[in-house]
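Observations on chain architecture
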Amino acid sequence: RQATAADHLLALRGHALTVFTALKSALAVDKNAPDELRNFIPQAAVVRRAIDSAMRLLLVKLADDRDLEDDTGKECNALLRKLVDRLRAILRLERLDDSDHARNFVAPALATLPGRTAVEHVFVALSTSNPAAEPSSAEARDVLRFFLESFTDPQLTRGAPVARAPSMVTLTPMYKE
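Now for a description of the structure that goes with this document. Being a predicted model, the structure only gives us computed values, none of them experimental.

1. Quick notes on a nonpolar patch on the surface
Together, L83, L87, I90 and L91 line one region of the surface with nonpolar side chains, adding up to about 320 Å² of accessible area. Checked against the element boundaries, L91 lands in helix α3 (residues 71-91). For L91, a relative accessible area of 36% puts it in the partly exposed group.

2. A short note on the layout of surface pockets
Once rolled over the atoms, a probe with the size of a water molecule shows which space is left empty. Each pocket or cavity is described by its volume, and for the largest pocket that value is around 450 Å³. A per-element tally of the lining of the largest pocket places helix α1 (residues 2-26) first, with five residues. Of the residues assigned to the lining of the largest pocket, the class counts are 17 nonpolar, three polar and two charged.

3. Quick notes on the side chain of Q43
Structurally, Q43 can be placed in helix α2 (residues 40-63). Here Q43 is in contact with A22, S25 and A26, once residues within four sequence places are set aside.

Reading guide: rules and limits
- Residues numbered from 1 in each chain as written.
- Predicted model: local features only at pLDDT ≥ 70, side-chain atom pairs only at ≥ 80, totals over all residues.
- Heavy atoms only, no water.
- Patch = residues over 30% accessible without salt bridge, like charges linked within 9 Å, V, L, I, M, F, W, Y side chains within 5 Å.
- Areas by Shrake-Rupley, 256 points an atom, 1.4 Å probe, with all protein chains shown as cover.
- Salt bridge = Lys/Arg side-chain N within 4 Å of Asp/Glu carboxyl O.
- Helix = DSSP H or I, 4+ residues; strand = E, 2+ residues; numbered from the N terminus.
- Buried < 20%, exposed > 50% of the residue type's maximum accessible area, 1.4 Å probe, protein only.
- 1 Å grid on protein atoms, 1.4 Å probe; cavity = no way out; pocket = protein on both sides within 12 Å on 5 of 7 lines; lining within 4 Å.
- Points joined across faces, edges and corners; volume = space filled by probe spheres on them.
- Nonpolar A, V, L, I, M, F, W, Y, C, P; charged D, E, K, R; others polar.
- Contact = heavy atoms within 4.5 Å.

Shown next as structure tokens:
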């Protein structure tokens, strides 16, 4: 089951990489074109298909394929389905089919410095040769693995909800010299 989940996560990463590759390609500026983001219109369809595929994968492979889950797992899957529905409502991907909307709203947002920076950073994160960000040291990997496996220890009690967790505040006095 874990191997299948890993395959699904890799497929999800592939869809995300497709989205950000298309966005990065749309940001390629052609000096002779009057509209610097004229590349976005054909890329909008690629972006929409990749996002649709990613959401479909989340629903079909991750949220709806859990017959053996306990109540907590089923609740998590219901939340995942609600999240995908909410994302679809917020994104309204069908607007990408409208070239006027893509040209007048989406492309100018991508053309801003924050838009370009966000696309570049996500693209680099998705296309790195070490996407899991695993440490290169064998000892560090062992320590990390031990720490992560401790979360699956059945002897550990379930933590308190965040609202009831004690908070810690440190005040650092600052003095004028």
